[in-house]
Amino acid sequence: MSNEYASCVFCGEFVLHIPGWASSVPSYRLMRATWQEDHAFVVGSLHFSCLRASPARSEFAAEFAQIATGHGTEITYQAAGETQTVVQPGLGYVEQIFRGDECAIHRSDTRDSWLVQEHAGPWYVLDRPQLEDIAQEKQPRLDSGVERIVLPREPVANLADATLPELLDDFGVTDRYPGLAEGEPEYEFWKYFAPKRVLEYAVITTPPLPAEAAAFLRAYAPGHRPIDFDALERDEPRS
């Protein structure tokens, strides 16, 4: 685990990964910073609020969408004076089912999973449980499981008892999570490894889906057909 993953690639401040408000771009995605002259690879964490405010939000969104909505593509770049060719892996959300003023929604062609991506960049992954909640007009909840993050410095002394607002306030990044209270976050402390400042925790939230996405999915969810995995094995198209 590297310290760079704890800092926002846009503002440089600490990032606590919270579903719907912050995420990361791992190195194996081979995502390029197309807005930079050298097209360097983007690796690290980001606050979604920083992405929305960035002048590079459109380029970021386009590059992320290329990865998310494909099955992979070859890219070339210069390194050590030589041209390198690698395969940029795709996420397989190839079926666009909605495009509106604020976002687009794509469905995976290999599993029952949907990607909602704001045109400003932030994204939300919904699986069948979330879609079923939306169909029943319930608030979908995102649970990323246990996260492990390197803290930039020693935290408050009572870390195991600290609330999520207290933790964000301690690191001075509360303003990077606007509207988080409306997401009704459920925060749980798991473990803290002091020698390397590694925090293990879990957060469950209601993501701030664009209103147009929520409205579309409420109408779409009751009639969607689960993927026919037998058909996939036979390499037959899904109707």
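This structure is a prediction, so every number in the text was calculated from the model and none was measured.

Student: Describe the overall build of the protein, listing the residues and the values that go with them.
Tutor: Along its length, the protein carries six helices and 12 strands. Overall size of the protein, expressed as C-alpha extent along the three principal axes, is 55 × 55 × 35 Å. Considering the protein as a whole, with its 239 residues, one finds that 43% of them fall into the buried category. Contacts in the protein between residues at least 24 apart in sequence constitute 58% of all its contacts with a sequence separation of at least 6. For the protein, the exposed area adds up to about 12,500 Å²; of that, 48% sits on carbon and sulfur atoms. Across the protein, the 20 positively charged side chains and the 37 negatively charged ones have centroids separated by 2 Å.

Student: Run through the nonpolar core, naming residues and quoting values.
Tutor: With 53 residues, the main nonpolar core has L16, I18, V116, Y177 and L199 as its most contacted residues. Per-element tally for this core: the top contributor is helix α2 (residues 57-68), with four residues. Contacts of L199, omitting those with residues within four sequence positions, involve L16, E147, R148, I149, L151, L159, L167, Y187, F189, K191 and Y192.

Student: Kindly report on the packing of aromatic side chains, identifying the contributing residues and their values.
Tutor: This structure, assessed with the given rule, holds 11 aromatic pairs. When the ring of F216 is compared with that of Y220, the centres are 5.5 Å apart and the planes differ by 20°; the resulting orientation is stacked. Highlighted residues: F216 and Y220, both in helix α5 (residues 211-220), separated by four residues, approximately one helical turn. You can call F216 partly exposed: its relative accessible area is 21%. An aromatic cluster is built from F10, W35, F48, F60, F64, W123 and Y124, whose rings are joined through pairwise contacts.

Student: Please set out the side chain of E63 residue by residue, giving values where relevant.
Tutor: When you line up the elements, E63 lands in helix α2. The exposure class of E63 is buried, given its relative accessible area of 4%.

Student: If you had to explain the pattern of salt bridges to someone new, which residues and values would you point to?
Tutor: In this structure the tally under the stated criterion is nine salt bridges. The partner of R128 in a salt bridge is D112, with the nearest N and O atoms 2.3 Å apart. Here R128 is found in helix α3 (residues 128-135), whereas its partner D112 is found in the loop between β6 (103-107) and β7 (113-118), with 16 residues between them in sequence. Where R148 meets E200, a salt bridge forms, and the shortest distance between an N and an O atom there is 3.1 Å. Taken together, the positions of R148 in strand β10 (residues 147-150) and E200 in strand β12 (residues 198-205) put the pair 52 residues apart, joining distant regions of the chain. R148 sits in the partly exposed class, given a relative accessible area of 46%. When salt bridges that share partners are traced, they join E13, D175 and R176 into one network.

Student: A description of the state of the cysteines should follow, citing residues and the corresponding values.
Tutor: Under the definition given, this model contains zero disulfides. A disulfide-free cysteine, C8 has its sulfur positioned 3.9 Å from the sulfur of C11, the nearest such atom. Of all cysteine sulfurs in the structure, the one in C50 sits closest to C11, which takes part in no disulfide; the separation is 3.7 Å.

Student: Describe the environment of G121, listing the residues and the values that go with them.
Tutor: When you line up the elements, G121 lands in the loop between β7 and β8 (123-127). The sequence separation of G121 and S49 amounts to 72 residues, and the corresponding C-alpha distance is 9.8 Å. For G121, the residues in contact, after removing those within four places along its chain, are L51 and A61.

Student: Residues and numbers for unusual backbone geometry, please.
Tutor: The phi dihedral of E184 is positive, around 45°, even though this residue is not glycine. Counting through the fold element by element, E184 comes out in the loop between α4 (164-170) and β11 (186-193). A residue is classified by how much of its surface remains accessible, and E184, at 55% relative accessible area, is exposed. In this structure, R197 is a non-glycine residue whose phi angle is positive, near 55°. Of note, R197 is situated in the loop between β11 and β12.

Student: Provide a residue-level description of the pairing of strand β3 (residues 73-79), including the pertinent values.
Tutor: Along a regular strand, successive side chains alternate from one face of the sheet to the other. The pairing of β3 with strand β4 (residues 82-88) spans seven bridges and is classified as antiparallel. Considered in β4, the bridge of I75 is made with V86. Two successive antiparallel strands, β3 and β4, enclose a turn made up of two residues, where A80 displays a positive phi of approximately 55°.

Criteria and thresholds
- Residues numbered from 1 in each chain as written.
- Predicted model: local features only at pLDDT ≥ 70, side-chain atom pairs only at ≥ 80, totals over all residues.
- Heavy atoms only, no water.
- Helix = DSSP H or I, 4+ residues; strand = E, 2+ residues; numbered from the N terminus.
- Buried < 20%, exposed > 50% of the residue type's maximum accessible area, 1.4 Å probe, protein only.
- Contact = heavy atoms within 4.5 Å.
- Areas by Shrake-Rupley, 256 points an atom, 1.4 Å probe, with all protein chains shown as cover.
- Lys, Arg positive; Asp, Glu negative; His and termini not counted.
- Charge placed at Lys NZ, Arg CZ, Asp CG, Glu CD.
- Core = buried A, V, L, I, M, F, W, Y, C linked by side-chain atoms within 4.5 Å.
- Phe/Tyr/Trp six-rings, centres within 6.5 Å; stacked < 30°, edge-to-face > 60°.
- Salt bridge = Lys/Arg side-chain N within 4 Å of Asp/Glu carboxyl O.
- Disulfide = S-S within 2.5 Å.
- Pairing = 2+ DSSP bridges.

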